[in-house]
Amino acid sequence: MKKTGAEIFVECLIKEKVDIMFGIPGGVLLPIFDKLYGSPVRLVLTRHEQGAAHMADGYARSTGKTGVCIATSGPGATNLVTGLATAYMDSIPVVAFTGQVATTLIGNDAFQEADTTGITRPVTKHNFLVRDVRELARTIKEAFHIASTGRPGPVLIDIPVDVQRAETEFVWPENLEIRSYKPNYKGHPVQIKRASEAIDASHKPVLYVGGGVVTSDASKEVIELAKKADIPVTTTLLAMGAFPPDSPLSLGMLGMHGTYWANHAMQNSDLIIAVGSRFDDRCTGKLAAFAPKAKVVHIDIDPTSISKNVKTDIPLVGDAKAILTELNKTVKKASHEKWIETIDGWKKKHPLLYKEDNKLRPQYVIETISELTKGEAIVVTEVGQHQMWSAQYYSAKLPRHFLSSGGLGTMGFGFPAAIGAKMANPGKLVIDIAGDGSFQMNIQELATAVLNEVNVKIVILNNKYLGMVRQWQEMFYGKRYSSTCLHRHEGCPPKCNEPGGKDCQIYIPDFVKVAEAYGALGMRVTDKKDVVPTLKKAFSVKKPVVMEFMVEQEENVLPMVPTGAALDEIITRLA
Amino acid sequence: MRHTISVLVENKFGVLARISTLFAARGFNIDSLAVGETEDPDVSRMTIIVKGDDRILEQVEKQLNKLVDVIKVVDFGQAQHVERDLALIKVKADKSNRSEIMQVTDIFRAKIIDVSADSIIIETTGDEEKIRALLAMLKPFGVKEMCRTGIIAMGRGGK
Ligand SMILES: Cc1ncc(C[n+]2csc(CCOP(=O)(O)OP(=O)(O)O)c2C)c(N)n1
Ligand SMILES: [Mg+2]
C-alpha cells in the first residue's frame, strides 16, 4: 500500500522509537503536522525553535538517546542553528527535521526559502536534502544511525513540502550499510599494550576525562582503572559526574576555572591519560607550556581529536568503554602515594574558597543545592559565572546529571535543555542554574514548561550583570564596565562602574512577576537565611518554579588561568 | 610541503560544498582542486593539492575521512604516482613570431589548437614543472590568458 511522505515520516519515527519531539509548525510542514495529529509521537510545541533544539539536546544529554526537533523552512530553520551548533560542539546526538519549499521552487528565492543544508553544514555532523519520497525512509534511518554512532552529533534532514505529499511504498530498511561511514570501536591491541605499559611505568599519572566517557558510558571503567592503578582523575566540564567527586582520587575540574591542584597535577604529571577529552584551549591553557614533562595517551573515537592540539605519544582510536575494559585487564595494580600526597599539598595550599559571611553569595546557593540534593539531581546550567560556580560547588555524583554547553558556551541553553531533560526523566529533580542574563535568552519557554507541566526548578543567580564578561572587564580592562550592567538605563552616567549605587534604577524584568505571568511559581531571596527554606519549598512544589537569588554583584570566579597563561600560572585571588 | 591528496567521495549532491567548507572552516589552503567521475559512476574522485606541515596534513587527511560522504583518502606524499594537469595558454602571436612559438611548442610536445591573426592557443598536459617551464618560455611573447584543469593524480602499480 502506498503512503505519503508525511505518513512515512511518522512511521519512521515510530520505528526509531521516538516518543517525543520538540518543535514549531509552519506552512511547508503542514502535511507532516497533519499526520502527527493524534499519532503516538508526542510533539511538544515550544515557543522558539532554538528552545526546541536545546530541548532535544537536553533530552539526549540526560538519557543518551537521540533527541529530535522539527522546524519549518526559512526562519524556523535558521532559528535552529544555535541549538545545532551547541549540540555539534559537545557531540550530542540530535536529529533535526526542517520543512523546505517544494522541490520545483528550490533556488528561486521562494517565500520562506533558505538554503538550510548550506547554512547548517558546518554545524552538523551530516545533513540531507530529500528530493525524492522514495529516499525518505532510508534517509531517516541513516540520520539516526549517523547521529548516534561514532562520535555522535546533530544530523539534519530537510524535507520539501511536495516530498511530504508524494506517495510511494513504505519500505523500512532493516539493515544499513554506509560504505563511507564506519566508525572504529575496537582499539588496536598493540596500542593498548603500549598504553598499558606506559601506565605501569609512570609515577605521576593523571586521568583527564571528558565528555566521551559519558557518551560511551565508561564511567565504571574509568573508576576501575583509577582505583587499580591509583591514578588521580580530573574531569572536564562535560564529564562532571563521570567520576565520583567524593573519591580521594577526584581532582575536580581542570582548566581556566579548574582547581589549583588539578591544574598543577596536569603540569607536573609524567603521563596524561586523556579519555574522551579533546585538549580544548579552556582545558590546556597556553599550549606551548602545557604539561611539559608528560607523555600523552589519548583514547578517543574521533581520530581528528588526536594530536590536533597536543602531540599524542600513544594514540588509541576507538570506543572509550571498549578500550578501558581491555586496559583494565592488563594494567598492573599500583600505588602512587607520594604523587597523591604532593597533589594533596596543592589542595591544602589553595582549596576552593569563597567568603563565608552573612552576605548572599552565589557559591553558597550552589553549595546548598548540592547538599540538599546530595548531588543526585540533574543540574543544567546556562553560561557565565554561575556555570563555573556550578562546576566548582555542585558535586554531581552521576554521569548525565550535569548538563552544560561546554564547547559553544551558549547562553540560553540551560532552561530549554532542562525542560528536555525533565521530560525524559519525569521522576527526577531537574534544576536549571541560571544567570540573569542567560535566562532572558529563552525565557519564553516558561510557557512550554507550565503548559506541559514540566516541573523544572530555575535558580537565577541574579548579579544584575553579564557577570562573566564584567569579571574580565574588572580584571583585564581597568574595570570599564562596557555594556555588562543589566539595569543600566538612559539616565546612568556614561562611565558607571559602581554596582548598586543610590542612582541605580530598578532591575528589569521582575522575574517573580514574569514567573507568575506564565503561571509558574516565583520566589525572590535577598537574605542568606532564606536560601534553604526557599529551595526546599521549590523542590517540593509540583510546578515549575523560578527562584531569584539577589546575590553579591561583583563576586568573581576563582581560581582563574588567564588566556595565554599556563595552567600553573593560575590566579587564586585578586590583588 | 606540497601534498597531492586523492579523495574518493560519494557522487552526491553537495559533496563538493562539504569539502570546500571544511577547507575554509579549518583554514587549510587549497592550491588546486580537480573533480571528476571514476570508473564507478556513483563515486567521484577529487584530487587536491595542499601545502602545509606534517601536523596540518595529518589533520587534513583525518578531517576529510571524518566527512560522512568520503569513502577513502590517499595522501600520495612521496609514494610512486603520476600527476597531470592540462593547460590552455593563449599567446600573442603574429606573422613575425608565429614560427618561433611553434618551435617552443614542439620542444615541449605541446599542441597548437587554434590560430588567429593575433594569437595562438596552445594545449599542454604535464606535471606542474613542465607547465611552469613552458609558461616561462611563452611569457616573453605575451600570455593573454591561461586556464588549467587542476592536477589529477594516480598511484603507480597494481593497487
Ligand atoms: C548567546 C551568547 N551570547 C553572548 C555570550 C558571551 N557571554 C559569555 S558569559 C556572558 C554573561 C552571562 O551573564 P549571566 O547569564 O547573567 O551569567 P553570570 O555570568 O552573570 O553568572 C556573556 C554575555 C555567550 N556566551 N552566549
Ligand atoms: Mg548575571
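Conventions adopted
- Residues numbered from 1 in each chain as written.
- Chains lettered and ligands numbered in written order.
- Predicted model: local features only at pLDDT ≥ 70, side-chain atom pairs only at ≥ 80, totals over all residues.
- Heavy atoms only, no water.
- Domains from an automatic or database assignment.
- Contact = heavy atoms within 4.5 Å.
- Buried area = accessible area lost by both parts, 1.4 Å probe.
- Helix = DSSP H or I, 4+ residues; strand = E, 2+ residues; numbered from the N terminus.
- Phe/Tyr/Trp six-rings, centres within 6.5 Å; stacked < 30°, edge-to-face > 60°.
- Buried < 20%, exposed > 50% of the residue type's maximum accessible area, 1.4 Å probe, protein only.
- Lys NZ or Arg CZ within 6 Å of the ring centre and 35° of its normal.
- Pairing = 2+ DSSP bridges.
- Axes fitted to C-alpha atoms, helices over the stretch in contact; angles between N-to-C directions.
- Parallel < 35°, antiparallel > 145°, perpendicular 65-115°, else oblique.
- Left-handed = near helix turned anticlockwise from the far one by under 90°.
- Nonpolar A, V, L, I, M, F, W, Y, C, P; charged D, E, K, R; others polar.
- Salt bridge = Lys/Arg side-chain N within 4 Å of Asp/Glu carboxyl O.
- Near = heavy atom within 4 Å.
- Polar contact = N/O pair within 3.5 Å; in protein donor to acceptor, adjacent residues only side chain to side chain.
- Areas by Shrake-Rupley, 256 points an atom, 1.4 Å probe, with all protein chains shown as cover.

Enquirer: Explain the domain arrangement of chain A here, please?
Expert: You'll often see interface size given as the accessible area lost when the parts meet. Residue and element names in this part refer to chain A. Partitioning chain A into structural domains gives domain 1 (2–169), domain 2 (189–349) and domain 3 (362–550). Taking the mean C-alpha position of each, domain 2 and domain 3 sit 32 Å from one another. Across the boundary between the two partners, domain 2 contributes 15 residues, which contact 17 residues of domain 3. Between domain 2 and domain 3 the total buried area reaches about 1300 Å² when both faces are included, carbon and sulfur atoms providing 67% of it.

Enquirer: Would you take a moment to explain the side chain of Gln-164 of chain A for this structure?
Expert: The residue Gln-164 of chain A is located in helix 7 (residues 161–165) in this model. Residues contacting Gln-164 of chain A, with those up to four places away along its chain left out, are Thr-4, Gly-5, Ala-6, Val-28, Leu-29, Pro-31, Ile-32, Gly-99 and Ile-159 of chain A.

Enquirer: When you look at the packing of aromatic side chains in this model, what are you seeing that I'm missing?
Expert: Both the distance between ring centres and the angle between the ring planes are used here to describe each pair of aromatic rings. All names here are of chain A. Within this structure, the stated rule accounts for 11 aromatic pairs over all chains. Between Tyr-354 and Tyr-393, the aromatic rings sit 5.4 Å apart at their centres with planes inclined by 85°, giving edge-to-face as the arrangement. With Tyr-354 in the loop between helix 14 (337–349) and helix 15 (362–373) and Tyr-393 in helix 16 (residues 385–393), the pair connects residues that are 39 residues apart, well separated along the chain. Residue Tyr-354 is classed as buried on the basis of its relative accessible area of 10%. Tyr-393 sits in the buried class, given a relative accessible area of 7%. Here the aromatic residues Phe-415, Phe-439, Tyr-507 and Phe-511 are joined through ring pairs into a cluster of three or more. Stacked on the ring of Tyr-364, the Lys or Arg Lys-528 has its end atom at 4.6 Å from the ring centre.

Enquirer: Got a minute to help me understand the sheet that holds strand 2 (residues 20–23) of chain A in this structure?
Expert: Each strand in a sheet pairs with another by means of backbone hydrogen bonds, the pair being arranged parallel or else antiparallel. Residue and element names in this part refer to chain A. Taken together, 6 strands build an open sheet; the order of strands is 3-2-4-5-7-6 and the sheet is parallel. Two strands bound the open sheet, and with one partner strand each, they are strand 3 (42–45) and strand 6 (126–129). If you compare each strand with its neighbour and ignore which way they point, the axes differ by 20° on average. As judged from the 7 bridges shared by strand 5 (residues 94–100) and strand 7 (residues 154–160), these two strands associate in the parallel manner.

Enquirer: Got a minute to help me understand the packing of helix 3 (residues 49–63) of chain A against helix 4 (residues 75–89) of chain A in this structure?
Expert: How two helices sit against one another is set out by the angle between their axes and by the gap between those axes. Residues and elements named next belong to chain A. One can describe the packing of helix 3 onto helix 4 by two numbers: an axis separation of 7 Å at closest approach and a directional angle of 30°. Considering the angle they form, helix 3 stands roughly parallel to helix 4. In this structure, the crossing between helix 3 and helix 4 has a hand that is right-handed. Packed against helix 3, whose contacting residues are Glu-49, Gln-50, Ala-53, His-54, Asp-57 and Arg-61, the element helix 4 presents Gly-76, Asn-79, Leu-80, Thr-82, Gly-83, Leu-84, Thr-86 and Ala-87 at the interface. Looking at side-chain class alone, the contact of helix 3 with helix 4 contains 4 nonpolar, 7 polar and 3 charged residues.

Enquirer: Where do I start with the interface of chain A and chain B in this structure?
Expert: Listed as interface residues are 18 residues of chain A and, on the opposing side, 20 residues of chain B. Contact between chain A and chain B buries roughly 1700 Å² in total, counting both sides, with carbon and sulfur atoms accounting for 49%. Looking at the side of chain A facing chain B, the largest losses of area belong to Arg-121, Arg-179 and Ser-180 of chain A, adding up to 35% of the total buried there. Run the count over chain A and chain B and you get 3 salt bridges. Its salt-bridge partner being Lys-66 of chain B, residue Asp-302 of chain A comes within 2.7 Å of it at the nearest N-O pair. It is strand 6 of chain A that contributes the most residues to the side of chain A that touches chain B, 3 residues altogether. Residue composition of the side of chain A that touches chain B, by class: 6 nonpolar, 5 polar and 7 charged.

Enquirer: Looking at this structure, I do not really get the site of ligand 1. What am I missing?
Expert: Residues and elements named next belong to chain A. Lining the immediate surroundings of ligand 1 are 17 residues, of which Gln-385, His-386, Gly-437, Ser-438 and Gly-467 lie closest. With respect to ligand 1, the backbone of Gly-409 contributes an N or O atom lying 2.9 Å from a nitrogen atom. Gly-437 places a polar main-chain atom, nitrogen or oxygen, 2.8 Å from an oxygen atom of ligand 1. Surface burial for ligand 1 is 76%, taken as the share of its 580 Å² of free accessible area covered by protein chains. Secondary-structure elements contributing two or more residues to the shell around ligand 1 are helix 16, helix 18 (436–439) and helix 20 (467–476). Per-class residue counts for the shell around ligand 1 are 7 nonpolar, 9 polar and 1 charged.

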